Amino acid sequence: MTDITETAEWSALAEHHAEVSVRHLRELFAEDPERVGRMNVTAADLYLDYSKHRVTAETVRLLTALAGAAGLRERIEAMLTGEHINVSEDRAVLHTALRLPRDARLVVDGQDVVRDVHEVLDRMAAFSDRVRSGEWTGHTGKPIRTVVNIGIGGSDLGPAMAYEALRDYADAGITARFVSNIDPADITRVLDEVDPEQTLFIVASKTFGTLETLTNAKVARQWLVERLGDDKAVARHFVAVSTNAERVAEFGIDTDNMFGFWDWVGGRYSFDGAIGLSLMVVVGPERFREMLAGFHAMDEHFRTAPFEENMPVLMAMLGVWYTDFFGAQTHAVLPYSQRLARFPAYLQQLTMESNGKSVRADGVPVIAQTGEIFWGEPGTNGQHAFYQLLHQGTRLVPADFIGFAEPFRDAAAEGGEGMHDLLTANLLAQTSALAFGKTADEIAAEGTPAAVVPHKVMPGNRPTSTILAPKLTPSVLGQLVALYEHITFTQGVVWGIDSFDQWGVELGKVMANQLTPALTAQEPQDGAPDPSTAALVRRYRALRGRRV
Ligand SMILES: O=P(O)(O)OC[C@H]1O[C@H](O)[C@H](O)[C@@H](O)[C@@H]1O
């Protein structure tokens, strides 16, 4: 395997970088009146303006050539057809199959994937309809009003983000809550606020072996049985989403009430399948299917569009451009939608668990920097907090601004006419200020005292993508998520890594299990892994009033 940094395409970009990195966006715009008309792309309902990036037409040509040199076209095909591209776990990677239409055909390793996917979707839909209509009741005969999703990582962030994004579409009077953390504060807060007779717990875990989830689920079960005074209540108030039927049964959930998926769906790629059950119960199967159609539309765009017009490829390669050539450390995601408040957190798992790797798929250490660090908050909140650093700090932070033409509802009736337009005006103002800034001359010309001028200079030349969509509908949410999934995939291909394993999270889990007795045993124990940890164990025990 040739390292990507040893290709002619990489060297060409390194040379080109020396020319482009000294140019200001002001100049790039001034010298090319066609720039805006050319540097945009549409995919399904999403419109991307990437003209405010520190690139020329030549940069785009070189970046897409690099994607080609990395074998992206073949790797896309390999993923979509079920090759075992997750090499360290010897698995296919088929989250795109979760949204294939019913009449598509895909057989992988002897499994009729489309048939199986739709069988589960149909079972989810039938179950959701029963809960939504009130036909499925709790143990005491009352309808379900709250679903509590108990899961962590991909079994939490996806459904929690999507629920928040689409909760305006809730039409059956059912709300959702999410419990993930092993911190007792998480589950107790939710249990304090829900009605046992009208609550359905969805225990979501791909492996059904995750400590946090199983512990929280046990607590919820005991709470429920105590409140309703009958073990049999569990059958009406607990369902499971997992790939592991045996463990679900062991836990005491009837596998008739289990919704399955497969080892070829990574946890962080799973909420468009059974892991999205909580969302489907809230918004209904029809909306859920609209979301899947949105995912699929972006999959098709990714599969078919030439790289220079391919939104995920362009955005991925811009990320590579800043990470590997400009040395950018982080990447901000700034949705101008309160409904996307959890989107950055969701993307953190998607991108960082996928691409935070330092060896290539063949086990050889990488040379390039990998794994963009994503972070962000909804605009305009971020503007009043950290945008100062984006505008005037010493670091380059490329940012994605995501906006919508229409809100789900405006606040006109409450006297808030025009609020949404104000939100959008803020988005546009920020990207313009970041790109073009304000010079010392311009500031001095406003009569600013000379000593203050340097403090007010806005350097500009800070790159942003603007994504504009008509409205945050289920379909648009699907498109957005698939966009970032494919960005993540493309970058993984360029860096030559396995984006679909996550071995780095395992050691800490094992060590936590080993350390628990050291914290809780009556007598102090040896065996802390290192002197610093041993001292912290002693201090913790002392603070807890235990023997040291
Ligand atoms: O769904 P589960 O099997 O419970 O896994 C939940 C999460 O835990 C793991 O540690 C992984 O890092 C995540 O990728 C996964 O989403």
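About the criteria used
- Within each chain, residue numbers correspond to sequence positions counted from 1 in written order.
- It should be noted that, the model being predicted, local features are given only for residues of pLDDT at least 70 and side-chain atom pairs only at 80 or more, the latter also being counted only at that level, while totals for whole chains, interfaces and linings use all residues.
- The basis for every side-chain value is the complete set of heavy atoms in the structure, and neither hydrogens nor water enter the calculation.
- In this text, helices come from DSSP runs of H or I with a minimum length of four residues, and strands from runs of E with a minimum of two, each type numbered from the N-terminal end.
- Here the radius of gyration uses the C-alpha set of atoms, whereas the globule reference equals 2.2 Å times the residue count to the power 0.38.
- In this analysis, two residues are considered to be in contact whenever any of their non-hydrogen atoms come within 4.5 Å of each other.
- Only the protein chains shown count as covering a residue, and every accessible area follows the Shrake-Rupley method with a 1.4 Å probe.
- Positive: Lys, Arg. Negative: Asp, Glu. His and the chain ends are not part of the count.
- Every charge is mapped onto a representative atom, which is NZ of Lys, CZ of Arg, CG of Asp or CD of Glu.
- Here, a salt bridge means any side-chain nitrogen of Lys or Arg that lies within 4 Å of a carboxyl oxygen of Asp or Glu.
- Any residue under 20% of the maximum accessible area for its type is buried, any over 50% is exposed, and the rest in between are partly exposed; the area is computed with a 1.4 Å probe on protein chains only.
- Two strands qualify as a pair provided that DSSP identifies no fewer than 2 bridges between them.
- All axes here are fitted lines through C-alpha atoms, helices being fitted over the stretch that makes contact, and every angle between N-to-C directions spans 0 to 180 degrees.
- Here, proximity means that at least one heavy atom of the residue falls within 4 Å of the molecule or strand.
- Any pair of nitrogen or oxygen atoms within 3.5 Å is treated as a polar contact; in protein, a donor-acceptor pairing is required on top of that, and neighbouring residues in sequence qualify only through side-chain atoms on both sides.
- The nonpolar class holds Ala, Val, Leu, Ile, Met, Phe, Trp, Tyr, Cys and Pro. Asp, Glu, Lys and Arg form the charged class, and all remaining residues, Gly among them, are polar.
- What fixes the domain bounds is an automatic or database domain assignment.
- For the purposes of this section, nonpolar cores are sets of buried Ala, Val, Leu, Ile, Met, Phe, Trp, Tyr and Cys residues that join through side-chain atoms within 4.5 Å.

If you tally the helices and strands in the protein, you get 22 helices and 13 strands. Relative to a compact globule of 548 residues, whose C-alpha radius of gyration would be 24 Å, the protein shows 25 Å and is just as compact. A principal-axis box enclosing the C-alpha atoms of the protein has dimensions of 75 × 55 × 55 Å. Considering only contacts in the protein between residues 6 or more positions apart, those separated by 24 or more positions represent 75%. Roughly 23500 Å² of accessible area belongs to the protein as shown, and the carbon and sulfur atoms make up 52% of that amount. Charge-centre separation for the protein: the mean point of 50 positive side chains lies 6 Å from the mean point of 72 negative side chains.

Counted according to the given criterion, the structure contains 32 salt bridges. With a closest N to O distance of 3.3 Å, Arg 26 and Glu 442 form a salt bridge. Residue Arg 26 is located in helix 2 (residues 25–31), and its partner Glu 442 is located in helix 18 (residues 440–445); the two are separated by 416 residues in the primary sequence. Taking the relative accessible area as the measure of exposure, Glu 442 reaches 34% and is therefore partly exposed. One salt-bridge network, in which partners are shared between bridges, spans Arg 99, Asp 272, Asp 299 and Glu 485.

What the six strands build is an open sheet, ordered 1-2-13-12-10-11; its pairing is mixed. The sheet is open, and its two borders are formed by strand 1 (40–43) and strand 11 (373–375), each paired with just one other strand. Averaged over neighbouring strand pairs, the angle between their axes works out to 20° when direction is ignored. Sheet topology places strand 2 (residues 46–49) next to strand 13 (residues 464–471); three bridges connect them, and they run antiparallel. Each bridged residue has a counterpart across the sheet, and for Asp 49 the counterpart in strand 13 is Thr 466. Along the sheet, helix 15 (residues 343–355) contacts strand 10 (330–335), strand 11 and strand 12 (399–406); its crossing angle with strand 11, the most-contacted strand, is approximately 170°.

Residues in contact with the ligand amount to 13 residues; listed here are only the nearest, Ser 155, Ser 205, Thr 207, Thr 210 and Glu 353. Between Thr 207 and the ligand, the recorded distance is 2.6 Å, taken from a side-chain N or O atom to an oxygen atom. Of the residues assigned to the shell around the ligand, the class counts are two nonpolar, eight polar and three charged.

This brings us to the domain arrangement of the protein. One can read the domain layout of the protein as domain 1 (4–70 + 305–410 + 418–495), domain 2 (102–288) and domain 3 (504–544). Centre-to-centre separation of domain 1 and domain 3, based on C-alpha positions: 42 Å.

Our focus in this paragraph is the side chain of Arg 132. Structurally, Arg 132 can be placed in helix 6 (residues 113–133). Setting aside anything within four residues of it in sequence, one finds Arg 132 in contact with Asp 171, Ala 172, Ile 174, Met 280, Val 281, Val 282, Val 283, Gly 284 and Pro 285.

Judged by nonpolar contacts, the single largest core of 125 residues is most densely connected at Trp 264, Phe 343, Leu 477, Leu 480, Leu 483 and Tyr 484. Here this core spans two domains, since at least three of its residues come from each of domain 1 (4–70 + 305–410 + 418–495) and domain 2 (102–288). Grouped together as the second largest cluster of nonpolar side chains are 25 residues, Ile 187, Val 190, Leu 214 and Leu 228 included.

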